[in-house]
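Commentary on secondary and tertiary structure
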Amino acid sequence: MNPDELRALVRARRTSMIVDRERPVPRALVEELCEQATWAPNHKRTWPWRFAVAEGEGRARLGEVIADAMARRGDPAEKVAKARTKYLRTPTTLVVGSVPGDSPDRTAENRDAVAAGVQNLLLTATAHGLASYWGSCPKGANDPVAELCHFEPGTHVAAIIYLGWATEHVAPPERPPVHVHDI
Ligand SMILES: Cc1cc2nc3c(=O)[nH]c(=O)nc-3n(C[C@H](O)[C@H](O)[C@H](O)COP(=O)(O)O)c2cc1C
């Protein structure tokens, strides 16, 4: 890949959920995306990323766990009802966790590494023609989601990623110009 192609790939990645809902994402491709994530830089090589995939009924289970957690914290009923079915909008949802480190600094660095890994994953998805959408874990739902995903206690749910085959090109939001300071 030359720099122009890389530049085009980076700009082609868009947060989008406009997908073919009926066309599954092959499990081998999901696993390739996760493997790509593991090539991110990682201080102390703690390998902090964790992955869980929700397909079929698993997407409904994810929605139930999140909706129940939202209901427990008193979120409005319509928001809770929406959460129950929201993961059915794409054929695959990928949950990415970041395990805690042995100090607050290391925990923060783990999360940085996982975020870098998620970008690898999203760019790979884009290269394959998949639309992707990085969503946050709703407030109060982190621990129930981590448990559902079989992540170890204390794992931060860094990303809930909707995946599906893109059916439309989505124009990128412009970025403000970059200013690089001199030191
Ligand atoms: C840590 C993180 C959490 C995000 N959570 C959400 C989210 O909960 N809901 C959402 O609509 N977008 C979420 N996004 C996606 C951003 O809204 C999106 O990247 C931004 O609007 C820029 O658009 P683009 O990704 O298409 O360039 C998240 C992005 C990051 C990095």
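The following refers to the structure shown. Only a predicted model underlies this, so the values are computations on that prediction, with no experimental measurement involved. (Residues numbered from 1 in each chain as written. Predicted model: local features only at pLDDT ≥ 70, side-chain atom pairs only at ≥ 80, totals over all residues.)

1. Re the overall build of the chain
Helix and strand content of the chain: six helices and four strands. Each helix and strand of the chain, ordered N terminal to C terminal, gives the series α-α-β-α-α-β-α-β-α-β. In terms of overall size, the chain behaves like a compact globule, its C-alpha atoms giving a radius of gyration of 17 Å where 183 residues would be expected to give roughly 16 Å. Each of the three principal axes of the chain carries a C-alpha extent, and together these read 50 × 45 × 35 Å. When each of the 183 residues of the chain is scored for burial, the buried share is 34%. Considering only residue pairs separated by 6 or more positions, the chain has 81% of its internal contacts joining residues 24 or more positions apart. (Helix = DSSP H or I, 4+ residues; strand = E, 2+ residues; numbered from the N terminus. Rg over C-alpha atoms; globule rule 2.2 N^0.38 Å. Buried ≥ 20, exposed ≤ 12 C-beta atoms within 10 Å, placed from the backbone. Contact = placed C-beta atoms within 7 Å.)

2. A closer look at the nonpolar core
Grouped together as the largest cluster of nonpolar side chains are 42 residues, with contacts concentrated most on Ile-66, Val-95, Val-96, Val-118 and Ile-161. Of all the secondary-structure elements, those providing two or more residues to this core are helix H2 (27–37), strand S1 (49–55), helix H3 (57–72), strand S2 (92–98), helix H5 (104–127), strand S3 (130–135), helix H6 (142–148) and strand S4 (156–165). At seven residues, the largest contribution of residues to this core is made by S4. Here Val-96 is in contact with Trp-49, Phe-51, Val-114, Val-118, Ala-158, Ala-159 and Ile-161, once residues within four sequence places are set aside. (Core = buried A, V, L, I, M, F, W, Y, C linked by C-beta atoms within 7 Å.)

3. A short note on the pairing of S4
Burial within S4 is extensive, with nine of its 10 residues counted as buried. The pairing of S2 with S4 spans seven bridges and is antiparallel. In the strand pairing of S4, Thr-93 is matched with Tyr-162. (Pairing = 2+ DSSP bridges.)

4. A short note on the sheet that holds S3
Taking strand neighbours across the sheet as the criterion, the four strands line up as S1-S2-S4-S3 in an open arrangement whose pairing is antiparallel. Looking along the sheet, the strands with just one partner apiece sit at the ends: S1 and S3. Neighbour-to-neighbour, the strand axes of this sheet turn through a mean angle of 20 degrees, independent of strand direction. When S1 meets S2, the two strands line up antiparallel, connected through seven bridges. Of the residues in S2, the one forming a bridge with Ala-54 is Thr-93. (Axes fitted to C-alpha atoms, helices over the stretch in contact; angles between N-to-C directions.)

5. Some words on H5
The terminal C-alpha atoms of H5 lie 35 Å apart, and with 24 residues this matches the ideal 34 Å at 1.5 Å per residue to within 8%. Among the residues making up H5, those that are buried are Asn-110, Ala-113, Val-114, Gly-117, Val-118, Leu-121, Leu-122, Thr-124 and Ala-125. In this structure, the buried side of H5 is in contact with H2, S1, S2, S3 and S4. (Expected span 1.5 Å × (residues − 1).)

6. What about the environment of Ala-69?
Tracing the backbone through its elements, the reader meets Ala-69 in helix H3. Taking C-alpha positions, Ala-69 is 31 Å from Arg-13, a pair spaced 56 residues apart along the chain. Sequence-distant contacts of Ala-69, that is, excluding residues within four places in its chain, are made with Gly-140, Ala-141 and Pro-144.

7. Some words on the packing of H2 against H5
At a minimum axis distance of 7 Å, the contact between H2 and H5 shows a crossing angle of 140 degrees. Relative to H5, the element H2 is oriented oblique. Along this stretch, H2 crosses H5, giving a crossing that reads as right-handed. Note on element contacts: H5 touches H2 through Gly-117, Val-118, Asn-120, Leu-121, Thr-124 and Ala-125, opposite Glu-32, Leu-33, Cys-34, Gln-36 and Ala-37. Residue composition of the contact of H2 with H5, by class: six nonpolar, four polar and one charged. (Parallel < 35°, antiparallel > 145°, perpendicular 65-115°, else oblique. Left-handed = near helix turned anticlockwise from the far one by under 90°. Nonpolar A, V, L, I, M, F, W, Y, C, P; charged D, E, K, R; others polar.)

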